[in-house]
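# Survey of secondary and tertiary structure
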Amino acid sequence: MTVLHTPRLRAAVGLCGVLLAGVSATPAGAQPAPAASARPTPPASAAATGSALPPGHPPVAPAPSGADSARGEVPAGHPSVEAEGGDGKRAPPADRSMVDPKLPAGTVEVTLVDAQERPQANVEVKLGILQQTVAEGEARQNKVSRSNAQGKVRFSGLKTATDFSYRVTVPRGPATYSSPPFQFKGEAGQSVLLHLFPVTEDIRSAMVGMRGIILIEPRDDVFQFQVMYRVFNIGTVTWVPSTLTLDLPPEAKGFTAEEGMSDARFVAESGGRVRLTGTFAPGQHDTQFRFQVPNHGDAEVNFRLDLPPHVADLRVVAQSSPGMTLHVEGFEPAQPTVDANGQRLLFTAREMRQGDDQLRELAISVNGLPTKGLGRWIAVALAASLAAVGLSAARREPAQPKRLAREELAAARELLLDELVALERARGAGKIGPATYESAKRRLVEAVARLPGRRGDPSRAAGKRAPLERAAPTAS
């Protein structure tokens, strides 16, 4: 489950980073992701919508008409992801966390404001403290305070040693706004600015769009999938998904989610589903996860993947062997390319336009995959049967050994040596991976070594050894 630790996939992920950046890492005019998710404090215009909510719950943006479904089309008037800003006037304000020489060492000052930079008073603020030492491991604690009339909170007398790190979080209804973790530098304190926005659990009430990359790595026994979504919120309403789940392909296993600076991530659900959770404040948020699907050795495989709503741009990349093809329904024909390490890749993309139906599902077909030849199964079966014969003969009385006919031995040896040659050719052509190659080679060589023989046996003649001699140099 360490996809990013493999050189090939690291290169592919690097390519995806370039692709995501090339497709506009941030929509025109949109602010980069806030250093931490912003938290909501109600503008006066939204106050009326919160009358039925529990005390202290931030206002929820009004939902659109019931005609729209949560996974339906983008509502009329919804901006494309290239819009200048959620309100058409300016990009949402950005959060900030920085070293502040005006503050004493060991001091954190937090300022809470809304989208119009108005102070937010009487809001609970948590300061998470993490101490990491080699001897004792991790120790965690929290300090809690509330903002004053100026929207400020100050924590003083904190440890400045390098084994201490800190993070500010502000829970607001279903949302959680936070700063990135930080440590004190020198004799200065730390200043943190967080914006609090109205919150909605309905994506139709937020200006949210997504771009995605799906990487497929065929392996000997599984297909490794890496899925990455970059979520853009270009409005001034925070989105907190509550019921957004996606179906993984049948037989999917080994789900792993990457954890980032914020709480935005995918989590596993029962029944082969994953759920998107976290706080998507105005700005940019990256999420990614991995899973595997068994490789049964078929030359053609098909996959179906659920997609989250409001995907505006999607790329599909597959590591490719010679003769392999990639087809994604509704996408451009896949084009061959190579990564920085010379690994073959197939690449296709689709960019949604205003008025296009929303992508809900992805149908992927991969053809021309290398399959396990019949000769290899024959060789493995023959090796197993010969091992069983040898074991049986060893247990019998010396006076009654089990002997194979000379012709049978010669045929068996010839088949095994031919398979060794075929194995080397398949490896040289890139049709099998290193794990399959090493395993098959070891079994074939062991099977040849176990074949009984005697002096003068035709199977031990120089001519019969030629295939093995031809294979040996390539196998080194």
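The shown structure was predicted, so the numbers you read here are calculated from the model rather than taken from an experiment. (Residues numbered from 1 in each chain as written. Predicted model: local features only at pLDDT ≥ 70, side-chain atom pairs only at ≥ 80, totals over all residues. Heavy atoms only, no water.)

## What about the overall build of the protein?
Along the backbone of the protein there are five helices and 23 strands. Here the protein holds 476 residues, and 45% of them are scored as buried. A total accessible area of about 23,400 Å² is found for the protein, and carbon and sulfur atoms account for 52% of it. (Helix = DSSP H or I, 4+ residues; strand = E, 2+ residues; numbered from the N terminus. Buried < 20%, exposed > 50% of the residue type's maximum accessible area, 1.4 Å probe, protein only. Areas by Shrake-Rupley, 256 points an atom, 1.4 Å probe, with all protein chains shown as cover.)

## Examining empty space enclosed by the protein
Taken as a whole, this structure holds one cavity of 30 Å³ or more when the rule is applied. Taken as a whole, the largest cavity holds about 50 Å³ of empty space. As for the largest cavity, its lining consists of Ile 214, Val 227, Tyr 229, Leu 246, Asp 247, Leu 248, Phe 289, Phe 291, Leu 305 and Asp 306. In the lining of the largest cavity, the residues fall into eight nonpolar, no polar and two charged. (1 Å grid on protein atoms, 1.4 Å probe; cavity = no way out; pocket = protein on both sides within 12 Å on 5 of 7 lines; lining within 4 Å. Points joined across faces, edges and corners; volume = space filled by probe spheres on them. Nonpolar A, V, L, I, M, F, W, Y, C, P; charged D, E, K, R; others polar.)

## A look at the sheet that holds strand β11 (residues 222-233)
Overall, mixed pairing links the seven strands, which are arranged β14-β17-β11-β10-β19-β22-β21 in an open sheet. Edge positions in the open sheet fall to β14 (253-257) and β21 (335-338), since each of these has one partner strand only. Averaged over all pairs of adjacent strands, the angle between strand axes in this sheet comes to 20°, irrespective of strand direction. As judged from the eleven bridges shared by strand β10 (residues 208-218) and β11, these two strands associate in the antiparallel manner. Note on β11: the bridge partner recorded for Met 210 is Val 231. (Pairing = 2+ DSSP bridges. Axes fitted to C-alpha atoms, helices over the stretch in contact; angles between N-to-C directions.)

## Some points on the packing of aromatic side chains
We describe a pair of aromatic rings using the distance from one ring centre to the other and the angle between the two ring planes. Taken as a whole, this structure holds eleven aromatic pairs when the rule is applied. A ring pair is formed by Phe 255 and Phe 289, whose centres lie 5.5 Å apart and whose planes are at 40°; its orientation type is tilted. Taken together, the residues span a long stretch of sequence, with Phe 255 in strand β14 and Phe 289 in strand β17 (residues 283-294) at a distance of 34 residues. Chaining the aromatic ring pairs together yields one cluster made of Phe 223, Phe 225, Tyr 229, Phe 255, Phe 266, Phe 289, Phe 291 and Phe 303. (Phe/Tyr/Trp six-rings, centres within 6.5 Å; stacked < 30°, edge-to-face > 60°.)

## Considerations on helix α4 (residues 434-450)
Residue pairs three or four apart in sequence face the same way in an α-helix, which turns once every 3.6 residues. Relative to the 24 Å expected for 17 residues at 1.5 Å per residue, α4 spans 24 Å between its end C-alpha atoms, a close match to the ideal helical length. Buried within α4 we find Tyr 437, Ala 440, Leu 444, Ala 447 and Val 448. Projected onto a plane normal to the axis of α4, the buried residues spread over an arc of 110° and lie on a single side. Exposed and oriented more than 90 degrees from the buried face of α4 are Ala 435 and Ala 449. (Expected span 1.5 Å × (residues − 1). Arc of directions from axis to C-beta.)

## Digging into the environment of Gly 283
By the element assignment, Gly 283 lies in strand β17. In this structure, the C-alpha to C-alpha distance between Gly 283 and Phe 232, residues 51 residues apart in sequence, is 5.9 Å.

## Structural notes on the side chain of Arg 204
Along the chain, the position of Arg 204 falls in the loop between β9 (199-200) and β10. Of note is the side chain of Arg 204, whose polar atom sits 2.4 Å from the side chain of Asp 202. (Polar contact = N/O pair within 3.5 Å; in protein donor to acceptor, adjacent residues only side chain to side chain.)

## Concerning the pairing of strand β5 (residues 152-155)
Residues of β5 alternate between two faces, with Val 153 and Phe 155 buried on one and Lys 152 and Arg 154 left unburied on the opposite face. Looking at chain direction, strand β2 (residues 108-113) and β5 are connected through four bridges and run antiparallel. Counterpart to Val 108 in the pairing with β5 is Phe 155.

## Details of the nonpolar core
Core analysis: the biggest nonpolar cluster contains 42 residues, and Phe 225, Trp 239, Phe 303, Leu 362 and Ile 364 have the highest contact counts within it. Considering every element that reaches this core, the biggest residue donor is β11, with five residues. Val 123, Ile 129, Leu 158 and Val 168 belong to the second-largest nonpolar core, a separate cluster that totals 26 residues. (Core = buried A, V, L, I, M, F, W, Y, C linked by side-chain atoms within 4.5 Å.)

## As for the pattern of salt bridges
As enumerated under the stated definition, the model contains twelve salt bridges in all. Put simply, Glu 351 and Arg 353 hold a salt bridge, and the shortest N to O gap is 3.6 Å. Overall, the relative accessible area of 37% leaves Glu 351 in the partly exposed class. On the basis of relative accessible area, Arg 353 is assigned to the exposed category, the value being 54%. Connected via shared salt-bridge partners are Glu 109, Lys 152 and Arg 154. (Salt bridge = Lys/Arg side-chain N within 4 Å of Asp/Glu carboxyl O.)

## Section: the sheet that holds strand β23 (residues 361-367)
What the three strands build is an open sheet, ordered β18-β23-β20; its pairing is antiparallel. A strand with exactly one partner marks an edge of an open sheet, and here the two such strands are β18 (301-306) and β20 (325-328). On average, adjacent strands in this sheet sit at an angle of 20° to one another, irrespective of strand direction. The pairing of β20 with β23 spans four bridges and is antiparallel.

## A look at the pairing of strand β16 (residues 273-277)
Side chains Val 274 and Leu 276 of β16 all project onto a buried face; the interleaved residues Arg 273, Arg 275 and Thr 277 project onto a face where none is buried. One ladder, built from three bridges, connects strand β13 (residues 245-247) with β16; its direction is antiparallel. What sits directly across from Leu 246, in β16, is Val 274. Across five bridges, the pairing between strand β15 (residues 265-269) and β16 is antiparallel. In the sheet register, Phe 266 faces β16, and the bridge partner there is Leu 276.

## With respect to the environment of Gly 330
With respect to the secondary-structure elements, Gly 330 resides in the loop between β20 and β21. On the accessibility criterion, Gly 330 (51% relative accessible area) is exposed. Note: C-alpha distance between Gly 330 and Arg 350 (20 residues apart in sequence) is 7.9 Å.

## Things to note about the environment of Gln 226
Tracing the chain through its elements places Gln 226 in strand β11. The exposure class assigned to Gln 226 is buried, which follows from its relative accessible area of 0%. Note: C-alpha distance between Gln 226 and Thr 256 (30 residues apart in sequence) is 9.5 Å. In this structure the side chain of Gln 226 is engaged in a polar contact, spanning 2.5 Å, whose partner is the side chain of Gln 288.

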